[in-house]
Amino acid sequence: MKKIFLIIGTVLIALALAACNPKPAPNQSSAPPAGEETGELVIYSGRREQFIMPLIEKFTAETGIKVQLLSGSAAEYALKILDERNNPQADIFFANDAGVMEKLRLDGVLQPGDPAVFAAIPADFRAEDNSWVGLSARSRVFIYNKDLISEAEMPKSIFDLADSKWKGQFAITVPGSEAMISHLTAIRLLFGDKKTEEFIKGMLANKPAVLKGHTDIRKAVGAGEFKFGLVNNYYYHLQLLEDKDNNVGVIYPDQGSDQMGTFVNVAGVALVKGGRNPLSARKFVEFMLKPEQQEMFAILNYETPVLPGIPVHEIARPIDTYRRVDIKLSQLGAAWEGTIDLMEKAGYTQ
Amino acid sequence: MKDNGCNCSPPVRHGEARIFVRAVTRFRAAYLRRGNAPSPELPLLTLAVAAMMASPVVYVAVRAAEAGGERWLRLWNARIPQLLWSTLSLTAWVAALATVLGTALALLVERTDLPGHRYWRWLLAVPLVMPPYVGALAYIIMLGPTGWARDVLGRPPFPLYSLGGTVLVLTVFTYPYVYLTVASALRRFNRNYEEAAVSCGFTTFQALFKVVVPLLRPAIGAGAILVILYVLSDFGAVAMLRYDTFTRAVYFQMTGRFDRAGAAVLSSILIAITLAVLWLEVWTRRRGRYYQTVGTYREPLVIPLGKLKLPALLFVLVVVALSILLPLAVLSVWAADGIARGVLDARFVGYATNSLKVALPASLLAMALALPVVYLKSRYPSKFSAAADRIIFAGYALPGVIVALGIIFLFNRYLPWLYATPGMITAAYLIRFLPQSMQASEAALAQVSPRLDEAARGLGTPTGRVLWGVILPLILPGVLAGGALVFVSALKELPATLLLRPAGFDTLAVRVWLQAHEGFYAEASVPALLMVLVSLLPLKLLLDKY
């Protein structure tokens, strides 16, 4: 009897070891002293992988630091970082949105950064303790199909989405989208819970198509499934550059003098507390903020760089040419969870 | 694992250890005095396996119970009624259509003079190797809002992202469950009943529907239960087709919100539905028993189709086209495009290697763990072994999303040194697929006479040696077949892999999902096609199972 258990036991242990193999060292609860890093920067990313990969490859080529990338949804990895607070795995969190990064900072899972690195970035695009920083700005706009609706006919305010005139004619993202949650948080901060809830209910009463992501929306609008959709501005640029279904236009909403302005969010990086490669993480942030990389955001992904003075793509609108919502992005974090509750109360759920 | 591992378990003092060892020795001696008892390691190991299989469910249930009345109430008001409706209506539609389709195909292939029925027999089972999320990908490429059909017709023929579209996709990839169970029952069918009916004035056709089909009810029911369990646990296909079911809701509750407790609440309802279905299965089997006298088996009657031959052939052809030919063609075209664009690079090899790194240990462990558990159940049947068996098989019916949720909770709290290693994925595979390996080993063990190991034990050979030296060599083909099934299932597994993979550890299944989501169909098709091709290899084993 003993023999078989010896054999099974040996097999189990060998396999467990084999399974652990790709990870060089078992976790330690505290970060090792500087200089003893694992040599593999771990990045949790909510950004599109095709966009992130060239930047990461360039970083590895320039610094020799290897990167382990986990690509998926930013909200998922935000939650993962919270789950792992006693056993941190990631060094860097790449997010699509300031609200989720600030929420993590308030929950105490981010590591304050060196102010010297961030000095060039406008203050409303970074955390007060520099634990996260915006890398590129994205504005919340309407993309519309020019075959189906003219610019003059298009709604001009975000609140028009609650107008029954547009019933069944537009698409929005699933409520899990951080861009949507942050956008609604901004509306809440400006207009209060009651008005925001009414707006969400009115919007949902119009039975919009609720799609998984902005890519689905831009493709659906381009294909003529819906007249228009609410997306981040660079999705409009991406659709414009498609081979087909590219007869689309854009509306930057709420530009009137009595209106709130277009909501502008940032995608950025956050430093995870307890990450095992703090030096490499700092190098990575510095790398991302260099003008060359900032240009890649503008050229590769048609976003707006946060570093002033970087030229944007010819089809994009520079950030200082339209009215923006007057809110500091770091205000979003504290109100974030309240917005999710409000969305659920109003029936805007997955 | 390394020297710093000691902070995980407090060192046991020598005195305590000695008392413990003495107690165990005494217990073991008392136990062995009971006559023909298995050596105690066997039930202990079974207990450990059952505990491992049940742990995620127990943990999810505890978390759901702790979630608090307010959260339950909020989810109940906002989510649950609508989710119940969408999940149950999808399940009912798919189960009904797959049952009709599978039964009709089985009757056609096994009992009529359908031309080429020897080829249809296995071709109709092939969709089983196609993961439904890969099938969904093929259908999205063909019929989706920006698919081929739209390019040809100007607009998609019908909305694919709907209940109807989801029912279509799931039906064409799940009917083989019914087809295979019914076909296998038909092959064992006793001709006497039909002849009796015919001699009483029925036509062969009437006899088919009045005598044969009613007697097939257990087989049809068993197949339908498999379809229902599949639809309840499917994540990839429904998520790709944007149809809301409990599994998708659990996934988004986990990933989209800062609310794991809410995910546990939704999971517990899904577990309850699954258990209800399993109970239904037991209940229906108890209610009706159909005995067929053995020993008088003769070749079944073949029904001539006559004028119906051509329509019947067309029908089978349409099913084969919808479930195999079209999806494979679509994937091949895109995969060729992808390969031409250089998808098969070093990175791709890495994804394939990662798939192997988690699927292979899972399959080996499943073989190693199944053997002692199955041996105990078959040679020393008792209430304990039956209960353990039930628990282990319940794990099989569990959706991968829930297994992943339980494993994240457990590893994060109790096994932090294994957290964020591929070991988590392997553990999930084991929980999901161990029963496949057990079924195969059990079937093989049933062929070995207990006299043989009794003789070996009578000569004083310890149980472990008997298992290793006598039993294993005899049932090795069956054990390996089970291992192959586990390997293929693990290769295709999506939801748990997606949620549990550490950074930099993408597998083929994960790549299909990620690329398809971004609309990069060429990049998604290459790993999808590779998985389907690898899964084809153990198809024969799969067919023998039924």
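A quick note: this is a predicted structure, and the numbers were derived from the prediction, not measured. (Residues numbered from 1 in each chain as written. Chains lettered and ligands numbered in written order. Predicted model: local features only at pLDDT ≥ 70, side-chain atom pairs only at ≥ 80, totals over all residues. Heavy atoms only, no water.)

Focus on the overall build of chain A
We count it as follows: Comment: elements are numbered from the N terminus, with helices defined as DSSP H or I runs of at least four residues and strands as E runs of at least two. The criterion used for residue contact is that any of the two residues' heavy atoms lie within 4.5 Å.
Of regular secondary structure, chain A possesses eleven helices and ten strands. The long-range fraction of contacts in chain A, counting pairs at least 24 apart against all pairs at least 6 apart in sequence, stands at 78%.

Some words on the environment of Ser-89 of chain B
Residue and element names in this part refer to chain B. Let me state the cut-off plainly: The rule is simple: take the accessible area with a 1.4 Å probe, protein chains only, and divide by the maximum for that residue type; under 20% is buried, over 50% is exposed, in between is partly exposed. The definition of a polar contact used here is a pair of N or O atoms within 3.5 Å, where within protein one atom must be able to donate a hydrogen and the other to accept one, and adjacent residues in sequence count solely through side-chain atom pairs.
In this fold, Ser-89 is placed in helix 4 (residues 80-111). Here Ser-89 falls in the buried class, since its relative accessible area comes to 11%. Ser-89 sits 74 residues away from Leu-163 along the chain, and the two C-alpha atoms are 8.6 Å apart. Ignoring anything within four residues of it in the chain, the contact list for Ser-89 reads Leu-163 and Tyr-243. At 3.3 Å, the side chain of Ser-89 forms a polar contact with the backbone oxygen of Ser-86.

Re the domain arrangement of chain A
All names here are of chain A. Formally: Residue ranges labeled as domains rest on an automatic or database domain assignment. Accessible-area loss on putting two parts together, using a 1.4 Å probe and summing over both, is the definition of buried area adopted here. Any carboxyl oxygen of Asp or Glu that lies within 4 Å of a side-chain nitrogen of Lys or Arg is treated as forming a salt bridge with it. Note on residue categories: nonpolar means Ala, Val, Leu, Ile, Met, Phe, Trp, Tyr, Cys or Pro, charged means Asp, Glu, Lys or Arg, and polar means any other residue, Gly included.
Taken domain by domain, chain A consists of domain 1 (37-137 + 265-317) and domain 2 (139-264 + 335-345). Put simply, the middle of domain 1 and the middle of domain 2, counted by C-alpha atoms, are 26 Å apart. Taken together, the contact pairs 18 residues of domain 1 with 15 residues of domain 2. Across the domain 1 to domain 2 interface the summed buried area is about 1600 Å²; carbon plus sulfur atoms make up 61%. Taken together, the links from domain 1 to domain 2 amount to one salt bridge. Residue Glu-337 pairs with Lys-103 through a salt bridge whose shortest N-O separation is 3.1 Å. Counting the contacts that link domain 1 with domain 2 gives four residue pairs in polar contact (both at pLDDT 80 or more). Listing elements by their share of the side of domain 1 that touches domain 2, those giving two or more residues are helix 3 (74-83) and helix 4 (98-106). Among the elements that take part in the side of domain 1 that touches domain 2, helix 4 stands out by supplying three residues, more than any other. Class assignment for the residues of the side of domain 1 that touches domain 2 results in seven nonpolar, five polar and six charged.

Observations regarding the domain arrangement of chain B
Residues and elements named next belong to chain B. For chain B, the assigned domains are domain 1 (99-330) and domain 2 (341-506). Using C-alpha coordinates to define each centre, domain 1 is positioned 26 Å away from domain 2. Contact with domain 1, which involves 23 residues of that partner, is made by 16 residues of domain 2. Counting the surface lost from both domain 1 and domain 2, the interface buries some 1600 Å², and carbon and sulfur atoms represent 81% of this. For the pair domain 1 and domain 2, the interface holds zero salt bridges. Our count for the contact surface shared by domain 1 and domain 2 stands at two residue pairs in polar contact (both at pLDDT 80 or more).

Details of the pattern of salt bridges
Taken as a whole and judged by the stated rule, the model has 38 salt bridges over all chains. Among the salt bridges present, the one from Glu-303 of chain A reaches Arg-47 of chain A, with a minimum N-O distance of 2.8 Å. Placement of Glu-303 of chain A in the loop between helix 10 (291-300) and strand 10 (304-305) and of Arg-47 of chain A in the loop between strand 1 (40-45) and helix 2 (49-63) is noted, with a sequence separation of 256 residues between them. Among the ionic pairs, Arg-511 of chain B bridges to Glu-49 of chain A, the shortest N-O distance being 2.6 Å.

With respect to unusual backbone geometry
Residues and elements named next belong to chain B. Its identity as a non-glycine residue notwithstanding, Arg-242 has a phi of 60°, on the positive side. Its place among the elements puts Arg-242 in the loop between helix 12 (236-240) and helix 13 (246-256). Overall, Arg-242 belongs to the partly exposed group, its relative accessible area being 23%.

Things to note about the nonpolar core
Inclusion rule: Residues enter a nonpolar core if they are buried and are Ala, Val, Leu, Ile, Met, Phe, Trp, Tyr or Cys, with the set joined through side-chain atoms within 4.5 Å.
Grouped together as the largest cluster of nonpolar side chains are 185 residues, with contacts concentrated most on Leu-124 and Tyr-179 of chain B. In terms of residue count, helix 16 (residues 346-379) of chain B provides more of this core than any other element does, 15 residues in total. No fewer than three residues from each of domain 1 (99-330) and domain 2 (341-506) of chain B sit in this core. Excluding residues within four positions of it along the chain, Tyr-179 of chain B makes contact with Gly-102, Leu-105, Ala-106, Val-109, Trp-120, Arg-121, Leu-124 and Ala-125 of chain B. Phe-51, Val-109, Leu-184 and Met-288 of chain A belong to the second largest nonpolar core, which has 110 residues in total.

Some details on empty space enclosed by the protein
Empty pockets left among the atoms are what a rolling probe the size of a water molecule brings to light. For clarity, the threshold we go by: A pocket here means an open set of points on a 1 Å grid, computed over the protein atoms alone, that has protein on both sides within 12 Å along at least five of seven lines. A cavity is instead a set of points where a 1.4 Å probe fits but cannot get out; residues with an atom within 4 Å of a point line either one. Grid points are joined across faces, edges and corners, and a volume is the space filled by probe spheres set on the points.
In total, this model carries five cavities of 30 Å³ or more according to the counting rule given. Its boundaries defined by the atoms lining it, the largest cavity holds a volume of some 840 Å³. In terms of lining, the largest cavity is formed by 43 residues, of which the most central are Gly-46, Gly-72, Ser-73 and Lys-212 of chain A together with Glu-518 of chain B. Listing elements by their share of the lining of the largest cavity, those giving two or more residues are helix 2, helix 3, helix 6 (178-205), helix 7 (214-222) and helix 8 (233-240) of chain A together with helix 13 and helix 23 (508-517) of chain B. By residue number, the principal contributor to the lining of the largest cavity is helix 23 of chain B, which donates five residues. Among the residues making up the lining of the largest cavity, the classes are represented as twelve nonpolar, 19 polar and twelve charged. The computed volume of the second largest cavity comes to approximately 300 Å³. Residue lining of the second largest cavity: 20 residues in total, with Asp-216 of chain A together with Tyr-161, Arg-242, Ala-516 and Tyr-521 of chain B positioned closest to the centre.

Let's talk about the interface of chain B and chain A
If you look at the interface, chain B gives 63 residues, while chain A gives 58 residues. For the pair chain B and chain A, the two sides together bury roughly 5400 Å², of which 59% comes from carbon and sulfur. Our count for the chain B to chain A interface comes out at five salt bridges. The salt bridge involving Glu-57 of chain A is made with Arg-347 of chain B; its shortest N-O contact spans 2.3 Å. In this structure, the connection of chain B to chain A is made through twelve residue pairs in polar contact (both at pLDDT 80 or more).

Quick notes on a nonpolar patch on the surface
Condition: Without a salt bridge and with relative accessible area above 30%, a residue can belong to a patch; like charges are then joined within 9 Å and nonpolar side chains (Val, Leu, Ile, Met, Phe, Trp, Tyr) within 5 Å. In these tables, accessible area is a Shrake-Rupley quantity obtained with a 1.4 Å probe, and a residue counts as shielded only by the protein chains included in the view.
The grouping of Leu-44, Leu-47 and Phe-384 of chain B at the surface amounts to a nonpolar patch, some 280 Å² of accessible area in total. Assignment of secondary structure puts Leu-44 of chain B in helix 2 (residues 41-66).

So, the environment of Tyr-243 of chain B
Residues and elements named next belong to chain B. Along the polypeptide, Tyr-243 turns up in the loop between helix 12 and helix 13. Between the C-alpha atom of Tyr-243 and that of Ser-162, which follows or precedes it by 81 residues, the distance is 6.6 Å. Setting aside residues no more than four positions away along its own chain, Tyr-243 makes contact with Ser-86, Ser-89, Leu-90, Ser-162, Leu-163, Thr-166, Val-238 and Arg-248.

Remarks on the packing of aromatic side chains
Heads up, the condition is: For Phe, Tyr and Trp, rings pair up if their centres lie within 6.5 Å, where Trp contributes its six-membered ring, and each pair is then called stacked (planes under 30 degrees apart), edge-to-face (over 60) or tilted (otherwise). Charge over a ring is defined by NZ of Lys or CZ of Arg lying within 6 Å of the ring centre and within 35 degrees of the ring normal.
Overall, the coordinates contain 21 aromatic pairs over all chains when judged by the stated rule. Pairing Phe-159 of chain A with Phe-191 of chain A gives two aromatic rings, centres 5.2 Å apart and planes at 85°, and the pair type is edge-to-face. You can see Phe-159 of chain A sitting in the loop between strand 4 (132-145) and strand 5 (170-173) and its partner Phe-191 of chain A sitting in helix 6, a full 32 residues away along the chain. Pairing Phe-235 of chain B with Tyr-251 of chain B gives two aromatic rings, centres 4.6 Å apart and planes at 45°, and the pair type is tilted. Here Tyr-251 of chain B lies in helix 13 and Phe-235 of chain B lies in the loop between helix 11 (217-233) and helix 12, a separation of 16 residues in the sequence. We note that Phe-235 of chain B, like Tyr-251 of chain B, is buried. Among the aromatic side chains, those forming a connected cluster through ring pairs are Phe-59, Phe-94, Phe-284 and Phe-287 of chain A. The ring of Phe-159 of chain A carries the charged tip of Lys-195 of chain A above its face, separated from the ring centre by 4.7 Å. In this structure, Arg-317 of chain A packs its charged tip against the face of Tyr-252 of chain A, placed 4.5 Å from the ring centre.

Here's the deal with the packing of helix 2 of chain B against helix 17 (residues 383-397) of chain B
All names here are of chain B. How we decide: Simply put, an axis is a line fit to the C-alpha atoms, just over the touching stretch for a helix, and the angle between two N-to-C directions goes from 0 to 180 degrees. Roughly parallel covers angles under 35 degrees, roughly antiparallel covers those over 145, roughly perpendicular covers 65 to 115, and oblique covers all other angles. Note: crossing handedness is left-handed where the near helix turns anticlockwise from the far helix by less than a right angle, and right-handed where it turns clockwise.
Packing of helix 2 against helix 17 brings their axes to within 9 Å, and their N-to-C directions diverge by 30°. By the angle between their directions, the pair helix 2 and helix 17 is classed as roughly parallel. As for the relative orientation of helix 2 and helix 17, their crossing is left-handed in sense. Judged by residue contacts, Pro-43, Thr-46, Leu-47, Val-49, Ala-50, Met-53 and Ala-54 of helix 2 engage Phe-384, Ala-388, Ile-391 and Ile-392 from helix 17.

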